[in-house]
Amino acid sequence: MLDLKMYINGEWRDSRNKEKRDVINPATGEVFAQAAEGTVEDAKEAIEVAKRTFESGAWSELPPIERASYLFKIADKIDEYHDELTKLETMDNGKPHREADGDITDAANCFRYYAGLITKPDGQTYHVADPMQAMVVREPVGVCGLIVPWNYPLLMSVWKLAPALAAGNTVVFKPSEVTPVTPTKLFEIFEEVGLPKGVANMVMGAGPTVGNEIAESHDVDMVSFTGGTKTGKHIMKAAVGNMKKISLELGGKSPNIIFADSDFETAVDWALFGIFSGSGQVCSAGSRILVEESIYDKFVDRFVERAKQINVGPGDDENTEMGPLVSEQHMEKVLSYINIGKEEGARLACGGNRITKDGLEKGYFVEPTVFVDVTPDMRIVQEEIFGPVVVIQKFKDEEDAIKLANGTDYGLAGGVFTVDGAKALRVIKKLRAGITWINTYHPTYNEAPWGGYKQSGIGRSLGTFGLEEFQEIKQININLQVEPIGWFSK
Ligand code: NDP
């Protein structure tokens, strides 16, 4: 049984009230770890430490090349522990090994990317009237509160920690209470590479207590949050007290548009990957497939045929193609949406049930589920289900496809499949979404910005934009002719 503690000011701690929370393997329903259940007081202490450390300059004033050298060491350690981290990620989140494997590699490379970026030129200079010189420099924001979800426990943590630390901030980090295992391992790595005490602090515990304190505290200068849109709205309200900077990566209900002239098997294959990888627990999941009417029936038949063949099982079985849902509570939420779909009159083309056979009965497995004959107003078309559930809609022409695609409150991602390059770009440019793909779905790069339009969020992770989120911009004006202005006569 793993015993997971919080990390505050370079020390491993239980929570003040000594409470623990069980951490469950979603493939078996078994408890394999216990995590400290932090309190508001624990969060306050971590914030105080982060503030003091920031003000000391121990990290923010370190030459960028030195901060970068820590980040490179962290990346190398993630590589060194790659197999252990992969195994732990699968145990905690349920995702198949091959998915966890990619996440761990990306996590190491994300640290490398920001280690490299922080030593590269930035800022701007401006041509203004003589004898002035105007320029801009970037500075760390201060104390950053980082709150992450459970679907990519390590990777979502790293998407925030790497740029926040590279920029010279100190941090108070809260993992999801459901998946604290690989984030804890990451903080062990921070200790191992000798990251100065108080720079990175981790508090575990519930969102409404510990998370809320991080979002609300006047000593936190910025909150960067990834999670559901409803929680994102709470964070915005909580952050208003000291007008802290916010960055929100929220939910989605992303359209995947398949034109009749697409390469048929390619489109079916990527569309399956778009929704069923990660068991659909992916913010950018292509959970609404829009298909041109002339190939609609053929597409549905082939898609359902392939969906039924997906090998569902525990993540540590190398034959597994789709793992369980992350928790019993989340599985119940997904199953309740399947019921809503049936009640709304959508037709279930396949799936729809919890899997309770072949040794999977103790885990939280749900069949790949496909709904057809849906209408745009249905809840299963409008709301994020965050599970292996997809709706397949029919469209008449390009205009109709765009209207349907943009017809939700979300705007995170979207895909288009067609071999007509001009049409692909025309449609993509009309999509109100921050991340888009043509003839592919899901590829994500540390180098490129990630984030949404509309209620899918504010700001961007990754790439140069992801670093800027964790920086303030300072304008500096210099008088090159040191003499009085002479504005007033006396
Ligand atoms: P939640 O919004 O429920 O939780 C996310 C994090 O916020 C958790 O750490 C949670 O704590 C914490 N939290 C919950 N309530 C509060 C609160 N009142 N104040 C402060 N913090 C709080 O999301 P899930 O964990 O269920 O993750 C799934 C969601 O994340 C989906 O909607 C998905 O789309 C979104 N997501 C978006 C991504 C993007 O890049 N746009 C990427 C990945 C996921 P606790 O430990 O108690 O759960």
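Residues numbered from 1 in each chain as written. Predicted model: local features only at pLDDT ≥ 70, side-chain atom pairs only at ≥ 80, totals over all residues. Heavy atoms only, no water.

Asker: Sorry if this is basic, but what is going on with the domain arrangement of the protein here?
Answerer: When the parts of a complex come together, some accessible area is lost, and that lost area is often used as the size of the interface. According to the domain assignment, the protein contains domain 1 (2-250 + 456-476) and domain 2 (255-438). Spacing between the C-alpha centres of domain 1 and domain 2 amounts to 31 Å. With 23 residues of domain 1 at the contact, the number on the domain 2 side is 26 residues. Contact with domain 2 buries area across many residues of domain 1, yet Pro26, Trp150 and Ser456 alone supply 28% of it, more than any other trio. (Domains from an automatic or database assignment. Contact = heavy atoms within 4.5 Å. Buried area = accessible area lost by both parts, 1.4 Å probe.)

Asker: When you look at the sheet that holds strand E5 (residues 30-36) in this model, what are you seeing that I'm missing?
Answerer: Paired through backbone hydrogen bonds, the strands of a sheet run either parallel or antiparallel to each other. Strand order in the open sheet made by the 3 strands is E1-E5-E4, with mixed pairing throughout. The strands lining the two open edges of the sheet, one partner per strand, are strand E1 (2-4) and strand E4 (20-25). Neighbour-to-neighbour, the strand axes of the sheet open up by a mean angle of 30°, direction not taken into account. Taken together, the 6 bridges between E4 and E5 define a ladder with antiparallel strand orientation. Note on E5: the bridge partner recorded for Asn25 is Glu30. (Pairing = 2+ DSSP bridges. Helix = DSSP H or I, 4+ residues; strand = E, 2+ residues; numbered from the N terminus. Axes fitted to C-alpha atoms, helices over the stretch in contact; angles between N-to-C directions.)

Asker: Sorry if this is basic, but what is going on with the layout of surface pockets here?
Answerer: Reported here for the largest pocket is a volume of approximately 1,500 Å³. Taken together, 50 residues form the lining of the largest pocket, with Pro149, Trp150, Gly227, Gly228 and Thr231 sitting closest to its centre. Elements supplying a minimum of two residues to the lining of the largest pocket: E4, helix H7 (207-216), strand E11 (222-226), helix H8 (229-239) and helix H11 (328-344). Here the element with the most residues in the lining of the largest pocket is H8; it accounts for 6 residues. Along the lines of polarity and charge, the residues of the lining of the largest pocket split into 22 nonpolar, 17 polar and 11 charged. When residues of the lining of the largest pocket are assigned to domains, at least three map to each of domain 1 (2-250 + 456-476) and domain 2 (255-438). Each pocket or cavity is described by its volume, and for the second largest pocket that value is around 580 Å³. What lines the second largest pocket is a set of 25 residues, among which Asp103, Asp106, Tyr152, His442 and Thr444 lie closest to the centre. Formed jointly, the lining of the second largest pocket draws a minimum of three residues from each of two domains, domain 1 (2-250 + 456-476) and domain 2 (255-438). (1 Å grid on protein atoms, 1.4 Å probe; cavity = no way out; pocket = protein on both sides within 12 Å on 5 of 7 lines; lining within 4 Å. Points joined across faces, edges and corners; volume = space filled by probe spheres on them. Nonpolar A, V, L, I, M, F, W, Y, C, P; charged D, E, K, R; others polar.)

Asker: Can you walk me through the pattern of salt bridges in this structure?
Answerer: Opposite charge on two side chains permits pairing when their charged atoms draw close. Enumeration over the complete set of coordinates arrives at 29 salt bridges. Here Glu11 ties to Arg13 by a salt bridge, and the two come within 3.4 Å at their closest N and O atoms. Here Arg16 ties to Asp42 by a salt bridge, and the two come within 3.6 Å at their closest N and O atoms. With Arg16 in the loop between strand E3 (11-13) and E4 and Asp42 in helix H1 (residues 40-56), this residue pair connects regions lying 26 residues apart in the sequence. Overall, the relative accessible area of 48% leaves Arg16 in the partly exposed class. A single network of salt bridges, built from pairs that share partners, joins Glu11, Arg13, Arg16, Asp42 and Glu45. (Salt bridge = Lys/Arg side-chain N within 4 Å of Asp/Glu carboxyl O. Buried < 20%, exposed > 50% of the residue type's maximum accessible area, 1.4 Å probe, protein only.)

Asker: Where do I start with unusual backbone geometry in this structure?
Answerer: With the exception of glycine, most residues fall at negative phi, and the peptide bonds are largely trans. A cis amide bond, omega 5°, links Asp130 with the succeeding residue Pro131. Relative to the helices and strands, Pro131 resides in the loop between strand E6 (124-126) and strand E7 (132-140). Positive phi is not limited to glycine here, since Asp358 has a value of about 55°. The backbone of Asn439 shows a phi angle near 55°, a positive value even though the residue is not glycine. Mapped onto the fold, Asn439 is located in the loop between strand E20 (435-438) and strand E21 (453-454). Of the residues examined, Asn439 reaches a relative accessible area of 31% and is grouped as partly exposed.

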